[in-house]
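The lines below spell out each chain.
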Amino acid sequence: MTLTLEDTLKWLHGFDATVTAQKAYLSELDTPIGDGDHGNNLARGAAAIEDALGKQEPADLTAALKTIAMALVSKVGGASGALYGTAFLEMAKASRETQEVADLLAAGLAGLQKRGGATTGEKTMIDVWAPVVAAAKAGNLTTQVIDDAVQATKPMKATKGRASYVGDNSIGHLDPGSVSSGYLFSEMLKAGVT
Ligand code: ADP
Ligand code: MG
Ligand code: MG
């Protein structure tokens, strides 16, 4: 399926509302294995996205994705701002060539991996992005796929990002960036994008 400007705006409004509502929970997840700011970081990003999109309606899909990326990069402190920002920037670039959802998400994932140097199994948001891209390509992305990927981060030991500092103690906790990525893709499905 192809991604339209209208779907993208609906998708991001949904994501912004969810991360704002789940701000405390996301920061709580980041407390035992991080610095307890993931929800605060993303809620700031959500407000910045709403602000930027509200100021001026983007002319097209590429402009919308770029506006989202810039809001995230400039307003979100922490690893997640740079990572989500890079993912949306790469989607914006790719959208000049294709509007196919799976291809856009694959470009976002490639950007994340290049920026953060992580691969699957390291207890990062890559553990949600990678299976989501695979399912989107196969045409069978469902909320179950997303939820299973998020839950699968719990037994993992973190070897990238701040959670890697606590070593074995990262085992048994959900990865906060995977939970927020789960929200991102669930909201994408809710917006009717599959
Ligand atoms: P910070 O760790 O700087 O406080 P956040 O708390 O906002 O930033 O984000 C933490 C999340 O970022 C982690 O839960 C993880 O999913 C993601 N993350 C951290 N490092 C990487 C990386 N190298 N590659 C991919 N994702 C990462
Ligand atoms: Mg943090
Ligand atoms: Mg931080």
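A quick note: this is a predicted structure, and the numbers were derived from the prediction, not measured.

Asker: Hey, could you run me through the site of ligand 1 in this one?
Answerer: Around ligand 1, the surrounding shell holds 24 residues, and the nearest of these are Gly-78, Ser-80, Gly-116, Gly-161 and Gly-177. For the shell around ligand 1, the element with the highest residue contribution is helix α5 (residues 78-94), accounting for four residues. Residue composition of the shell around ligand 1, by class: seven nonpolar, eleven polar and six charged.

Asker: Whenever I open this one, the nonpolar core confuses me. Can you help?
Answerer: The nonpolar side chains of soluble globular proteins are, as a tendency, buried together. Among the nonpolar cores identified, the biggest contains 56 residues, and Ile-68, Phe-88, Leu-105 and Val-132 are the most heavily contacted of them. Those residues within four positions of Val-132 in sequence are excluded, and the remaining contacts are Leu-105, Leu-141, Val-145, Ile-146, Ala-149 and Phe-185.

Asker: Mind showing me how you'd approach the packing of helix α6 (residues 101-116) against helix α7 (residues 126-138) here?
Answerer: What describes two packed helices is the angle between their axes and the distance between those same axes. For the pair α6 and α7, the least separation of the axes is 9 Å and the interaxial angle reads 155 degrees. Taken as axis vectors, α6 and α7 run roughly antiparallel relative to one another. Crossing hand, α6 versus α7: left-handed. Facing α6, whose interface residues are Val-101, Ala-102, Leu-105, Ala-106, Leu-109, Leu-112 and Gln-113, α7 presents Ile-126, Trp-129, Ala-130, Val-132, Val-133, Ala-136 and Lys-137. For the contact of α6 with α7, the per-class residue count stands at twelve nonpolar, one polar and one charged.

Asker: Explanation requested: α6 in the structure shown.
Answerer: Turn by turn, an α-helix covers 3.6 residues, leaving residues three or four places apart pointing in a common direction. The first and last C-alpha atoms of α6 sit 22 Å apart over 16 residues, in line with the 22 Å expected at 1.5 Å per residue. Within the span of α6, buried status applies to Val-101, Ala-102, Leu-104, Leu-105, Ala-106, Ala-107, Gly-108, Leu-109, Gly-111, Leu-112 and Gly-116. Elements in contact with the buried residues of α6: α5 and α7. Immediately downstream of α6, the backbone of Gly-117 shows phi near 65 degrees, a positive value.

Asker: Would you take a moment to explain the environment of Ala-130 for this structure?
Answerer: Examined against the element boundaries, Ala-130 turns out to sit in helix α7. Sequence spacing of Ala-130 and Asn-169 is 39 residues, and the spatial spacing of their C-alpha atoms is 24 Å. When sequence neighbours within four positions are dropped, the list of residues in contact with Ala-130 reads Leu-109 and Thr-120.

Asker: Sorry if this is basic, but what is going on with the confidence of the model for the chain here?
Answerer: Atomic detail in the predicted coordinates should be set aside for any region of low pLDDT. In the predicted model, the chain carries a mean pLDDT of 97, and the fraction of residues at 70 or more is 100%. As scored by the predictor, the complex reaches a pTM of 0.98 and an ipTM of 0.99.

Definitions and cut-offs
- Residues numbered from 1 in each chain as written.
- Chains lettered and ligands numbered in written order.
- Predicted model: local features only at pLDDT ≥ 70, side-chain atom pairs only at ≥ 80, totals over all residues.
- Near = placed C-beta within 6 Å.
- Helix = DSSP H or I, 4+ residues; strand = E, 2+ residues; numbered from the N terminus.
- Nonpolar A, V, L, I, M, F, W, Y, C, P; charged D, E, K, R; others polar.
- Core = buried A, V, L, I, M, F, W, Y, C linked by C-beta atoms within 7 Å.
- Buried ≥ 20, exposed ≤ 12 C-beta atoms within 10 Å, placed from the backbone.
- Contact = placed C-beta atoms within 7 Å.
- Axes fitted to C-alpha atoms, helices over the stretch in contact; angles between N-to-C directions.
- Parallel < 35°, antiparallel > 145°, perpendicular 65-115°, else oblique.
- Left-handed = near helix turned anticlockwise from the far one by under 90°.
- Expected span 1.5 Å × (residues − 1).
- pLDDT = per-residue confidence, 0-100.

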